[in-house]
Amino acid sequence: MLIVLLLLTFACRDSSDKENVGNVQEGVTQDDSANEPEASSNEPDSASTDAESEETEVSEESEESDDSSTDPTDSATEPSDEETEPENYSDPLSELCHSDVVDWPSDWFLFEREVLEEVNIYRQQGADCGALGYFEPASPLTMNPDFRCASRYHSIWMSENTYTHNSPEGDLGEDPQQRLYSIGYDGIWGENIYAAPSQPSTVVSGWMASDENCATIMAEWWNVIGVGYYYDPDSTHEHYWTQKFGFQE
């Protein structure tokens with residue numbers, strides 16, 4: 001039996017905020033899950049210091065999905081990126097994803113790894129995701145180079161276009177699921193996005209302040225993540241962040 005749940009939430013922050021947070025989750029099959037975020041997998045919303053707007057969309061399905069919600073997870077704090085960074089970090093697998101992701105600056109690489117560390121700290125501790133309930137501690141996530149490449153590309157795309165989960169006419173596809181298809185992944189997935197904050201800790205705390213984004217981060221079924229940070233001083237928000245979640249055997 002196919003269950004599809006689609007929920008779109010849009011919230012405007014007050015004028016003192018300029019950060020944007022988004023969340024989406026999809027492809028998750030639920031039996032009896034304790035916590036089910038409304039906007040975590042496919043498009044999370046999140047509160048943060050500067051937020052201009054938040055948008056959240058969740059879809060859930062057993063065989064096919066557009067947007068889905070999230071559930072709890074266990075965790076520990078350890079980044080599983082084992083590389084030492086040169087001045088410009090280049091992952092051979094990432095190069096296969098898109099040419100724009102070649103020769104990634106080392107400071108961006110470190111920012112991405114710090115996001116992973118922060119996420120695993122929350123997963124290790126468990127978290128209260130507000131209206132979506134309390135999520136028990138979840139196992140730590142490991143950085144997946146393909147997911148990271150797709151995340152980096154979407155952060156680039158947002159800087160050149162607009163802050164959104166969808167990417168019309170994007171080289172890797174027009175939505176989060178298509179971008180994952182482009183890297184050869186067709187399992188359950190979730191995505192969080194953020195625009196404006198410049199520091200990893202601010203970004204993760206902003207996501208955790210949003211019920212939907214928090215639930216996506218804490219979902220117990222993930223075991224891999226990809227984080228993509230991109231900076232363009234000439235773009236609308238300058239700093240762009242994308243997280244992609246999934247499960248691999």
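The structure reproduced in this document is the subject of the present report. Within any chain, residue numbers begin from 1 and follow the written order of that chain's sequence. Only residues with pLDDT of 70 or above have their local features reported here, since the model is predicted, and side-chain atom pairs are shown and tallied only from 80 upward, although totals for entire chains, interfaces and linings are computed over all residues. As a rule here, side-chain values come from all non-hydrogen atoms in the structure, and water together with hydrogens is ignored.

## A few points about the overall build of the protein
To keep things clear, this is the line we draw: Per the convention used, a helix needs a DSSP run of H or I reaching at least four residues, while a strand needs a run of E reaching at least two, with both numbered from the N terminus. Working definition: with a 1.4 Å probe on protein chains only, accessible area under 20% of the residue-type maximum means buried, over 50% means exposed, and in between means partly exposed. Contacts were defined at the residue level, with two residues in contact if any of their heavy atoms lie within 4.5 Å. Calculation of accessible area relied on Shrake-Rupley with a 1.4 Å probe; when residues are assessed, cover is drawn exclusively from the protein chains displayed.
If you tally the helices and strands in the protein, you get six helices and 11 strands. In the protein, which comprises 249 residues, the proportion classed as buried is 57%. Within the protein, residue pairs in contact and separated by at least 24 positions form 75% of the contacts whose partners lie at least 6 positions apart. As displayed, the protein offers around 10,000 Å² of accessible surface, 44% of which is attributable to carbon and sulfur atoms.

## Some words on the state of the cysteines
Each disulfide consists of one covalent bond between the sulfur atoms belonging to two cysteines. Note the cut-off: Put simply, a disulfide is two cysteine sulfurs that come within 2.5 Å.
For the coordinates displayed, the defined rule picks out two disulfides. Residue Cys-97 pairs covalently with Cys-149 via a disulfide, S to S 2.3 Å. Where Cys-97 bonds to Cys-149 through sulfur, the torsion about that S-S bond is close to -105°, and the disulfide is left-handed. On the criterion of sequence distance, the pair formed by Cys-97 in helix α1 (residues 92-97) and Cys-149 in helix α3 (residues 145-160) is long-range, its members being 52 residues apart. Its relative accessible area of 12% is what places Cys-97 among the buried residues. Across the disulfide, Cys-129 is cross-linked to Cys-214 (sulfur-sulfur distance 1.9 Å). Note on the Cys-129 and Cys-214 pair: the S-S dihedral is about -65°, so by sign convention the disulfide is left-handed. Residue Cys-129 is found in the loop between β6 (127-128) and β7 (134-135), and its partner Cys-214 is found in helix α6 (residues 211-218); the two are separated by 85 residues along the sequence. There is no split in this pair, since Cys-129 and Cys-214 are both buried. Disulfide connectivity for the protein, with bonded cysteines indexed by sequence position, reads 1-3, 2-4.

## Topic: unusual backbone geometry
Although it is not a glycine, Asp-103 adopts a positive phi angle of roughly 55°. Mapped onto the elements of the fold, Asp-103 is located in the loop between α1 and β5 (104-105). Under the relative-accessibility criterion, Asp-103 is labelled partly exposed at 47%.

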